[in-house]
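Secondary and tertiary structure notes
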Amino acid sequence: MGVADGKAGREPLPGTLDNGELRVEDAYVGLISMNDEERKPFKGKKVGVQIGTTAIEALRKMNVDIDLRTYDEVGLVFEDMRNGRLDVVVCDDPVARYYASRKEGYKDLMKVAFLTEDVEYIGFVFSKDNAELAAQVNKGLKAIRENGKEKAIRNKWLGE
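Residues numbered from 1 in each chain as written. Predicted model: local features only at pLDDT ≥ 70, side-chain atom pairs only at ≥ 80, totals over all residues. Heavy atoms only, no water.

**Things to note about the packing of aromatic side chains**
- Tallied over the full model, the rule gives 4 aromatic pairs.
- Aromatic side chains tyrosine 98 and tyrosine 99 sit 6.0 Å apart centroid to centroid with 80° between the ring planes, which places their arrangement in the edge-to-face category.
- We classify tyrosine 98 as partly exposed; its relative accessible area is 30%.
- In this structure tyrosine 99 comes out as buried when scored by relative accessible area, which is 11%.
- Seen from their ring centres, tyrosine 99 and tyrosine 106 are 5.0 Å apart, and the 85° between their planes marks the pair as edge-to-face. For the residue pair tyrosine 99 and tyrosine 106, the accessibility class agrees, reading buried in each case.
- Connected via pairs of aromatic rings, a cluster forms that spans Phe78, Tyr98, Tyr99 and Tyr106. (Phe/Tyr/Trp six-rings, centres within 6.5 Å; stacked < 30°, edge-to-face > 60°. Buried < 20%, exposed > 50% of the residue type's maximum accessible area, 1.4 Å probe, protein only.)

The structure is reproduced here in structure tokens:
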């Protein structure tokens, strides 16, 4: 078993799970309408986030008066942004960049406005019984980082 998870980079996992060696750095990104010229569009704005994510905690640390709106699924947050019911979307960097630069029906409507200072890591979690799979994934990730393919993939899919 192996899964990618934002919690994998924080601390050792209990029981039968183990962290992979390599992690991807991830920040929170705020997206705003293409028509909005403000770079930090917070105060008094309608800000959408997915329930159960640490994006909510990152926003609270900023200590700005916002109209926080929560959603069960991140796609619904983007849908409300597209339909004018939100001023700002805050979510993980890769998701935000994909919507803003690649996702049809969204890419021409919103832009990245800011990155938060909070950084998390997306890592891979493996069953302790499957060290061979963990080694293969770690080897593959290391190889694409070293040969530049990771950068090409991030550019293609995330517009970095």
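**Re the pairing of strand β3 (residues 46–50)**
- When β3 meets strand β4 (residues 67–71), the two strands line up parallel, connected through 5 bridges. Paired with valine 49 across the bridge in β4 is threonine 70.
- What joins β3 to β4 is helix α1 (residues 55–62), and the crossover it makes is right-handed.
- Inspection of the sheet shows β3 paired to strand β5 (residues 88–92) by 2 bridges, in the parallel sense. (Pairing = 2+ DSSP bridges. Helix = DSSP H or I, 4+ residues; strand = E, 2+ residues; numbered from the N terminus. Right-handed = clockwise from strand over helix to strand, strands pointing away.)

**Some details on helix α4 (residues 131–146)**
- Relative to the 22 Å expected for 16 residues at 1.5 Å per residue, α4 spans 22 Å between its end C-alpha atoms, a close match to the ideal helical length.
- Within the span of α4, buried status applies to Ala134, Asn138 and Leu141. Viewed along the axis of α4, the buried residues span an arc of 65°, placing them on a single side of the element. Opposite the packed face of α4, turned more than 90 degrees from it, sit the exposed residues Glu132, Lys139 and Glu146.
- Once α4 finishes, glycine 148 follows within two positions and takes phi at roughly 90°, a positive value. (Expected span 1.5 Å × (residues − 1). Arc of directions from axis to C-beta.)

**Describing the packing of helix α2 (residues 74–82) against helix α3 (residues 93–101)**
- Remark: α2 packs on α3, axes separated minimally by 12 Å, with the N-to-C direction vectors making an angle of 40°. Viewed along their axes, α2 and α3 adopt a mutual orientation that is oblique. In terms of crossing hand, the pair formed by α2 and α3 is right-handed. Contacts from Val74, Gly75 and Phe78 in α2 reach Val95, Ala96 and Tyr99 in α3.
- Its residues assigned to classes, the contact of α2 with α3 shows 5 nonpolar, 1 polar and no charged. (Axes fitted to C-alpha atoms, helices over the stretch in contact; angles between N-to-C directions. Parallel < 35°, antiparallel > 145°, perpendicular 65-115°, else oblique. Left-handed = near helix turned anticlockwise from the far one by under 90°. Contact = heavy atoms within 4.5 Å. Nonpolar A, V, L, I, M, F, W, Y, C, P; charged D, E, K, R; others polar.)

**Concerning the nonpolar core**
- In terms of nonpolar packing, the biggest core is built from 12 residues, these being Tyr71, Val74, Val77, Phe78, Met81, Leu86, Val89, Cys91, Ala96, Tyr99, Tyr106 and Met110.
- Of all the secondary-structure elements, those providing two or more residues to this core are α2, β5 and α3.
- In this view, tyrosine 106 contacts Phe78, Glu79, Arg82 and Tyr99; residues no more than four positions away in its chain are not counted. (Core = buried A, V, L, I, M, F, W, Y, C linked by side-chain atoms within 4.5 Å.)

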